[in-house]
Amino acid sequence: MIRFICQLLAFLFLLSACETEVPKLGADGKPMPRLYNLRLQSTASVQFRMLDALNALRISSNISELALSSHLNAAAATHARDMSVQNRPWHFGSEGSSPIDRVEMVGYPHKLVGELISETFETELETLSAWMENPDTRRVLLDKRATEMGFSWYQEPSGKIWWTMVLGTGPEFVENVVTNNPSRGG
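A.B. asks: Tell me what's going on with the overall build of the protein, and back it up with residues and numbers.
C.D. replies: Helix and strand content of the protein: seven helices and four strands. Reading the protein from its N end, one meets helices and strands in the order α-α-β-α-α-β-α-α-β-β-α. The buried share of the protein, reckoned over its 186 residues, is 38%. When contacts within the protein are restricted to residue pairs at least 6 apart in sequence, long-range pairs at least 24 apart make up 66% of them.

Here it is in structure tokens:
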């Protein structure tokens, strides 16, 4: 009898391990997104994860890698927070600033290549994947003029994340343009 009870308990234990979680459904009948909590992660780890992933894509496309820029990170952080305040993903700040204005405001000494934005519940890598699927945003990510990246986000209490990536032409590109300009003899 004890053997039977032990076997029954073992069977029930194994059966309970097979139990699957039933996803919560939203009003539209689709599964609710799982919360990706960025508050539990360091800013640097998320930024470098994005930088590494984007650089891997650029290398596989035979394009030079990017470096992380503190100036561009600041411009991205400002805009991510501002999009949340405005409750809309767009490239203009609540005070009317453009991406060019924002990189100038943070003192970025080089040229803006492009800005990518997203409003989502997805991770940074899922967001990068979505940007790569769109021809317009992919063109910015793989722009050969870009040498520096800024990346930041703002996460609302609901879990919604406002992502912003800013690419710029750092000093390497400016020097390269000058030395490879035929009219300068280089």
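There is more to say after this.
A.B. asks: Please set out the environment of Val 113 residue by residue, giving values where relevant.
C.D. replies: You can see Val 113 is positioned in strand E2 (residues 111-120). A sequence separation of 35 residues divides Val 113 from Glu 148, and the C-alpha atoms of the two residues are 9.3 Å apart. The contacts of Val 113, once residues within four sequence positions are left out, are Asp 143, Arg 145, Ala 146, Leu 167, Gly 168 and Thr 169.

A.B. asks: Explain unusual backbone geometry to me, using residue names and the numbers behind them.
C.D. replies: With a phi close to 60°, Asn 62 is a non-glycine residue in the positive phi region. Relative to the helices and strands, Asn 62 is located in the loop between helix H2 (43-60) and strand E1 (67-68).

A.B. asks: With reference to specific residues and values, describe the nonpolar core.
C.D. replies: Core analysis: the biggest nonpolar cluster contains 24 residues, and Met 149, Phe 151, Trp 163, Met 165 and Leu 167 have the highest contact counts within it. Among the secondary structure elements, those contributing two or more residues to this core are H2, E2, helix H5 (124-133), helix H6 (135-141), strand E3 (148-155) and strand E4 (161-169). With six residues, the next largest nonpolar core counts Leu 72, Val 103, Tyr 108 and Val 166 among its residues.

Calculation notes
- Every residue gets a number counted from 1 within its own chain, in the order that chain's sequence is written.
- Reporting of local features is limited, given that this is a predicted model, to residues whose pLDDT is at least 70; pairs of side-chain atoms are given and counted only at 80 or more, and all residues count toward the totals for whole chains, interfaces and linings.
- In computing side-chain values, all of the structure's heavy atoms are included and hydrogens and water are not.
- Only DSSP runs of H or I covering at least 4 residues are called helices, and only runs of E covering at least 2 are called strands; the numbering of each starts at the N terminus.
- The cut-offs for exposure are 20% and 50% of the maximum accessible area for each residue type, with area from a 1.4 Å probe on protein chains only; residues under the lower value are buried, those over the upper are exposed, and the others partly exposed.
- Residues are treated as being in contact if the distance between any of their heavy atoms lies within 4.5 Å.
- Grouping buried Ala, Val, Leu, Ile, Met, Phe, Trp, Tyr and Cys residues that are joined through side-chain atoms within 4.5 Å yields what is termed a nonpolar core.

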